[in-house]
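One letter stands for each residue in the lines below.
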Amino acid sequence: MPITTLALLSDRLSSLSVGQRTALPYSVYAVLFPPGEPDDGARVAAFGFAREHRCVMENRPRALQVVFTKKIASPPAGQGRPL
């Protein structure tokens, strides 16, 4: 399913295993994090979104895409961060 909303991106990132990645073309990135590359505000929002999903984000200007890679495993269901 194509990623067209932040909710769909959230679902995709949440479903990744450590080391897996998903790439977004700049055109999609610009819709999700306006106005897109090379805006610093869009980058800050996208990096924060990646961090919330235990991912890192990499800009690949030659490929005209950004790549989200899962770096930290999600806690088992029902177990969140300790308070």
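All values derive from a computational prediction rather than experimental measurement.

1. Examining helix 3 (residues 40-52)
Then, in step 1: Helix length check: helix 3 (13 residues) gives 18 Å between terminal C-alpha atoms against 18 Å at 1.5 Å per residue, within 8%.
Then, in step 2: Looking only at helix 3, the buried set comprises A42, A46, G48, F49 and A50.
Then, in step 3: Of the surrounding elements, those touching the buried residues of helix 3 are helix 1 (6-15), helix 2 (26-32), strand 2 (55-60) and strand 3 (65-70).
Then, in step 4: N-capping of helix 3 is provided by D39, with a side-chain oxygen placed 3.0 Å from the backbone N of G41.
Then, in step 5: One or two residues past the end of helix 3 sits R54, with phi positive at roughly 60°.

2. Notes on the packing of aromatic side chains
Then, in step 1: Within this structure, the stated rule accounts for 2 aromatic pairs.
Then, in step 2: Arranged with centres 5.6 Å apart and planes meeting at 40°, the rings of Y29 and F33 form a pair that is tilted.
Then, in step 3: Overall, Y29 belongs to the buried group, its relative accessible area being 0%.
Then, in step 4: Each ring, one from F33 and one from F49, has its centre 5.8 Å from the other, and the planes form 70°; the classification is edge-to-face. Residue F33 is located in the loop between helix 2 and helix 3, and its partner F49 is located in helix 3; the two are separated by 16 residues in the primary sequence.
Then, in step 5: With relative accessibility at 4%, the residue F33 sits in the buried group.
Then, in step 6: In this structure F49 comes out as buried when scored by relative accessible area, which is 13%.
Then, in step 7: Here the aromatic cluster, defined as three or more aromatic residues joined through ring pairs, consists of Y29, F33 and F49.

3. Comments concerning the nonpolar core
Then, in step 1: Residues L9, F33 and F68 are the most contacted members of the largest nonpolar core, which totals 17 residues.
Then, in step 2: If you list the elements that add at least two residues to this core, you get helix 1, helix 2, helix 3, strand 2 and strand 3.
Then, in step 3: For this core, the element with the highest residue contribution is helix 3, accounting for 4 residues.
Then, in step 4: Setting aside anything within four residues of it in sequence, one finds F33 in contact with L6, L9, A42, A45, A46, F49 and F68.

Cut-offs used in this document
- Residues numbered from 1 in each chain as written.
- Predicted model: local features only at pLDDT ≥ 70, side-chain atom pairs only at ≥ 80, totals over all residues.
- Heavy atoms only, no water.
- Helix = DSSP H or I, 4+ residues; strand = E, 2+ residues; numbered from the N terminus.
- Expected span 1.5 Å × (residues − 1).
- Buried < 20%, exposed > 50% of the residue type's maximum accessible area, 1.4 Å probe, protein only.
- Contact = heavy atoms within 4.5 Å.
- Polar contact = N/O pair within 3.5 Å; in protein donor to acceptor, adjacent residues only side chain to side chain.
- Phe/Tyr/Trp six-rings, centres within 6.5 Å; stacked < 30°, edge-to-face > 60°.
- Core = buried A, V, L, I, M, F, W, Y, C linked by side-chain atoms within 4.5 Å.

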